[in-house]
Structure formats: structure tokens, C-alpha cells
Amino acid sequence: MPDIKCTVTECEYNSDVKCGAPMIQVDRSNTSISEKSDQTKCETFKKKA
Ligand code: SF4
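Remember, predicted model here, so these are calculated numbers, not experimental data.

A.B. asks: Hey, could you run me through the pattern of salt bridges in this one?
C.D. replies: Side chains bearing opposite charge may pair, as long as their charged atoms lie close to each other. Evaluated as defined, the whole model comprises two salt bridges. Here Asp3 ties to Lys18 by a salt bridge, and the two come within 3.3 Å at their closest N and O atoms. Placement of Asp3 in the segment before strand S1 (14–15) and of Lys18 in strand S2 (residues 18–19) is noted, with a sequence separation of 15 residues between them. Taking relative accessible area as the criterion, Asp3 reaches 64% and is therefore assigned exposed. By relative accessible area, which is 40% here, Lys18 ends up partly exposed. A salt bridge links Lys41 to Glu43; the shortest N-O distance between them is 3.4 Å.

What follows is the structure, given as C-alpha cells:
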């Protein structure tokens, strides 16, 4: 797994602004074809307890 910088620090897998999940799934967000990065989203996100 390469280093993944992620600023979503409220995610369970986030530590020091990096993703620590063993794998992540990224899907399109509200579109059938993404044209820009804001049309993608991390499905592995889990809110910190
Ligand atoms: S699982 Fe997704 S949202 Fe959570 S730290 Fe990793 S990349 Fe960020």
C-alpha cells in the first residue's frame, strides 16, 4: 500500500493526516462518469467512534 495522504481526520483509519487502512475503495460520486476529483469519494471512510 503506498502512502495515502488524507485530510479527513475524522475517519477511523486516519492517523497524522495519512490513511492507515489495509486497502481502500474509491467510487464515483453522484455521476456515471467522473470528470474531476470532486466526483470521486472514499467508500472505506468510517467515522471515528
Ligand atoms: S479510509 Fe478513506 S477517508 Fe479514511 S483515512 Fe483512508 S482515505 Fe481517508
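A.B. asks: Help me understand the site of the ligand, please; the structure alone is not making it clear to me.
C.D. replies: Taken together, Cys6, Cys11, Tyr13, Asn14, Cys19, Ile24, Cys42, Thr44 and Phe45 form the complete shell of residues around the ligand. When grouped by side-chain class, the residues that make up the shell around the ligand number seven nonpolar, two polar and no charged.

A.B. asks: Help me out: how do you make sense of the environment of Gln39 in this one?
C.D. replies: Relative to the elements of secondary structure, Gln39 occurs in the loop between strand S3 (26–28) and strand S4 (40–42). Note: C-alpha distance between Gln39 and Cys6 (33 residues apart in sequence) is 16 Å. Apart from residues no more than four positions distant in its own chain, Gln39 is found in contact with Asp27, Arg28, Ser29, Thr31, Ile33 and Ser34. Within polar-contact distance, the side chain of Gln39 engages the backbone nitrogen of Glu35 at 2.6 Å.

A.B. asks: I keep staring at the side chain of Thr44 and nothing clicks. Help me out?
C.D. replies: Here Thr44 lies in the segment after S4. Engagement of the side chain of Thr44 in a polar contact is seen with the backbone nitrogen of Gln25, the distance being 2.7 Å. Residues within four places of Thr44 in sequence aside, it is in contact with Tyr13, Ala21, Met23, Ile24 and Gln25.

So, how was this worked out
- Residues numbered from 1 in each chain as written.
- Predicted model: local features only at pLDDT ≥ 70, side-chain atom pairs only at ≥ 80, totals over all residues.
- Heavy atoms only, no water.
- Salt bridge = Lys/Arg side-chain N within 4 Å of Asp/Glu carboxyl O.
- Helix = DSSP H or I, 4+ residues; strand = E, 2+ residues; numbered from the N terminus.
- Buried < 20%, exposed > 50% of the residue type's maximum accessible area, 1.4 Å probe, protein only.
- Near = heavy atom within 4 Å.
- Nonpolar A, V, L, I, M, F, W, Y, C, P; charged D, E, K, R; others polar.
- Contact = heavy atoms within 4.5 Å.
- Polar contact = N/O pair within 3.5 Å; in protein donor to acceptor, adjacent residues only side chain to side chain.

So, to be careful, I would describe these as geometric facts and stop short of saying anything about function.
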